Amino acid sequence: MEKKVSLWQLFWVFAKIGAFTIGGGYAMIPIIQAEMSRRGWIGDDDLPDIVALSQSAPGVMAVNISIFAGHKLRGFKGSVVATLGSILPSFLIILGIAMFFSAFKDNPYVERAFKGIRPVVISLIAIPMVNMARKSCKNVWAWLVAAASLVLVAFLNVSPIYIILCVIVLGFSITYYKEGRWKH
């Protein structure tokens with residue numbers, strides 16, 4: 001499904017994504033998915049892998065997604081161009097806001113606008129997570145692990161690191177047991 005993309009096209013697509021995404025990396029996922037699929041650059045099966053790599057790597061999720069997607073499309077140069085495209089609009093917008101925000105920070109209209117944006121950001125984050133869960137959870141056990149992880153992280157403040165480590169140990173244990181490696 002992937003096809004050759006110019007560095008200029010890559011820059012502009014990620015600049016558009018960076019300019020019109022409010023809420024950071026997770027909020028970028030549905031827009032990146034739509035843009036990449038529409039252009040035939042990255043298939044729907046590749047995006048969960050890019051998101052998983054982006055979450056695993058240290059740093060800002062939006063930058064990591066740009067790096068991995070750009071690399072998949074055009075190698076090292078694609079990583080650099082996609083990253084510049086995704087961060088440049090935000091940098092310029094934040095710079096402009098910082099220059100003028102002190103005059104507007106107590107304005108009730110500005111406060112209401114930011115409060116109004118919050119539910120939109122939540123939905124932009126929730127939709128791709130639900131879509132990825134639908135594609136990734138192939139059986140009841142996967143759904144149970146996903147639901148338990150959600151409850152542990154969101155409501156009981158358990159660190160995702162502990163959950164990942166437990167699931168890794170559980171996965172290895174089940175695999176060894178099923179393959180009969182513990183049976184001598």
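Report follows, based on the coordinates. Note that the coordinates shown come from a computational prediction; the quantities given were computed from them, not determined experimentally. (Residues numbered from 1 in each chain as written. Predicted model: local features only at pLDDT ≥ 70, side-chain atom pairs only at ≥ 80, totals over all residues. Heavy atoms only, no water.)

### Let's talk about the overall build of the protein
Going by this rule: Counting from the N terminus, the helices are DSSP H or I runs at least four residues long and the strands are E runs at least two residues long. Throughout this description, buried means an accessible area under 20% of the type-specific maximum (1.4 Å probe, protein chains only), exposed means over 50%, and partly exposed covers the range between. Every residue pair with non-hydrogen atoms within 4.5 Å of one another is taken to be in contact. Accessible surface is estimated by sampling points in the Shrake-Rupley manner with a 1.4 Å probe; for residues, cover comes only from the protein chains shown. Positive charges come from Lys and Arg alone, negative charges from Asp and Glu alone, with His and the N- and C-terminal ends not counted. Where a charge lies is defined by one atom per residue type, namely NZ (Lys), CZ (Arg), CG (Asp) and CD (Glu).
Scanning the protein for helices and strands turns up seven helices and zero strands. In terms of its C-alpha atoms, the protein occupies a principal-axis envelope of roughly 70 × 45 × 25 Å. The buried share of the protein, reckoned over its 184 residues, is 27%. Contacts in the protein between residues at least 24 apart in sequence constitute 56% of all its contacts with a sequence separation of at least 6. Split by element, the accessible area of the protein, about 12500 Å² in all, is 71% carbon and sulfur. Looking at charge distribution, the protein has the averaged site of its 18 positive side-chain charges lying 1 Å from that of its 9 negative ones.

### Focus: the nonpolar core
Selection criterion: Note on terminology: a nonpolar core comprises buried Ala, Val, Leu, Ile, Met, Phe, Trp, Tyr and Cys residues joined through side-chain atoms within 4.5 Å.
Counting residues in each nonpolar core, the largest one holds 24 residues, and the members touching the most others are Leu-10, Phe-14, Ile-32, Met-36 and Trp-41. Looking at this core, the elements with two or more residues in it are helix H1 (7-20), helix H2 (25-39), helix H3 (46-56) and helix H4 (61-104). Per-element tally for this core: the top contributor is H4, with seven residues. Non-local contacts of Met-36, meaning those with residues more than four positions away in its chain, are made with Val-13, Phe-14, Trp-41, Ile-42 and Leu-73.

### Remarks on the packing of aromatic side chains
The geometry of an aromatic ring pair is captured by the separation of the ring centres together with the interplanar angle, meaning the angle of the planes. Rule in force here: Within 6.5 Å between ring centres, the rings of Phe, Tyr and Trp (the latter by its six-membered ring) count as paired, and their orientation is classed by plane angle as stacked under 30 degrees, edge-to-face over 60, tilted in between.
On inspection of all chains with the given rule, the structure shows four aromatic pairs. Ring centres 6.5 Å apart and planes at 25° place the aromatic pair Phe-172 and Tyr-176 in the stacked group. In this pair, Phe-172 and Tyr-176 are both assigned in helix H7 (residues 160-178), four residues apart and thus about one turn of the helix distant. What links up through ring pairs into an aromatic cluster is the set Trp-8, Phe-11 and Trp-12.

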